[in-house]
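# Residue-level structure breakdown
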Amino acid sequence: PVVASVALAKLMERGGADAVVAEGTESGGHIGEATTMTLVPQVVDAVSIPVIAAGGISSGESMLAAMVLGAEGVQIGSRFAVAAESSAHANFKQKVYELEEGDTMLALKKLAPTRLIKNAFYEHIKELEDKGADAETLKTVLGKGRAKKGIFEGDMEEGELEIGQISSMLQREESAENIITDIVTAYEQALKNIEKLSI
């Protein structure tokens, strides 16, 4: 299970989960408010099952940082969401490559907090939320299949475009093989750099 709080992680452990994914607010999709840097170590301390870190992790360096915080693995979404092998629409991929820092925001908090690319749909939701719209109103506007409409059918204005904050670091399409090779190489180099440090 993916958890966004210590309380939920404990609940999942009591329910028999073999591990939990502690996902910080930097990630795309449905998330909470805690950052990965603060969530992961707290969840690691709170449960006895393995913790997998997610949210804002896209490189070997960020993977190592998660391991230092106590995670036993990482989940990487956004970088693979726009990989060559991804079934995401070309329009969505291109939009992600053009994003700059701050072009994603947390929305739909009364339903399920979701990180979205700013587009016409996001602006409509933000306007409703600013006016105090209740969950039922937001659910009606969201409708069904809006993420599919944006991510897989390529509607960049009315689609729900979910992606993590690291999207502003992604500028070109890569194969999954190249992504993994890059992450492993950077992880190993970062580990060597850490080993050189002394206090």
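Notes on the structure follow. (Residues numbered from 1 in each chain as written. Predicted model: local features only at pLDDT ≥ 70, side-chain atom pairs only at ≥ 80, totals over all residues. Heavy atoms only, no water.)

## Description of helix α5 (residues 90-98)
Where α5 is concerned, the buried positions are Phe92, Lys93, Val96 and Tyr97. The buried residues of α5 occupy an angular sector of 135° when projected down its axis, which confines them to one face. On its buried face, α5 sits against α4 (78-81), β7 (114-117) and α8 (146-152). (Buried < 20%, exposed > 50% of the residue type's maximum accessible area, 1.4 Å probe, protein only. Helix = DSSP H or I, 4+ residues; strand = E, 2+ residues; numbered from the N terminus. Arc of directions from axis to C-beta. Contact = heavy atoms within 4.5 Å.)

## Some words on the nonpolar core
When a protein is soluble and globular, its nonpolar side chains tend to lie buried together. Grouped together as the largest cluster of nonpolar side chains are 19 residues, with contacts concentrated most on Val20, Ala22, Val43, Val47, Val51 and Ala53. When contributions to this core are tallied by element, the ones reaching two or more residues are β2 (20-23), α2 (36-46), β4 (51-54) and α9 (176-196). A total of three residues in this core trace back to one element, the largest contributor, which is α2. Val51 has contacts with Val20, Ala22, Val43, Val44, Ala71, Glu72 and Gly73, leaving out every residue within four places of it along the chain. Counting 13 residues, the second largest nonpolar core, distinct from the first, contains Ile117, Met156, Ile163 and Ile166. (Core = buried A, V, L, I, M, F, W, Y, C linked by side-chain atoms within 4.5 Å.)

## Considering the environment of Gln189
Relative to the helices and strands, Gln189 resides in helix α9. Residue classification places Gln189 among the partly exposed residues on the basis of a relative accessible area of 40%. C-alpha separation for the pair Gln189 and Glu61, spaced 128 residues apart in sequence, amounts to 8.4 Å.

## Some points on the side chain of Thr104
Looking at the secondary structure, you find Thr104 in strand β6 (residues 104-107). A polar contact of 3.5 Å, which involves the side chain of Thr104, links it to the side chain of Arg115. Beyond its immediate stretch of four places on either side in the chain, Thr104 contacts Leu99, Arg115, Leu116, Ile117, Ile163, Gly164, Gln165 and Ser167. (Polar contact = N/O pair within 3.5 Å; in protein donor to acceptor, adjacent residues only side chain to side chain.)

## Brief notes about the sheet that holds β6
Read from one edge to the other, the open sheet built from three strands follows the order β3-β7-β6, with strand pairing classed as antiparallel. At either end of the open sheet lies a strand with only one pairing partner, and these are β3 (29-30) and β6. Sheet topology note: the β3/β7 ladder contains two bridges and is antiparallel. Looking at β7, one finds that Gly29 is bridged to Arg115. In this fold helix α6 (residues 120-130) packs onto β6 and β7, with an angle of close to 40° to the strand it touches most, β6. (Pairing = 2+ DSSP bridges. Axes fitted to C-alpha atoms, helices over the stretch in contact; angles between N-to-C directions.)

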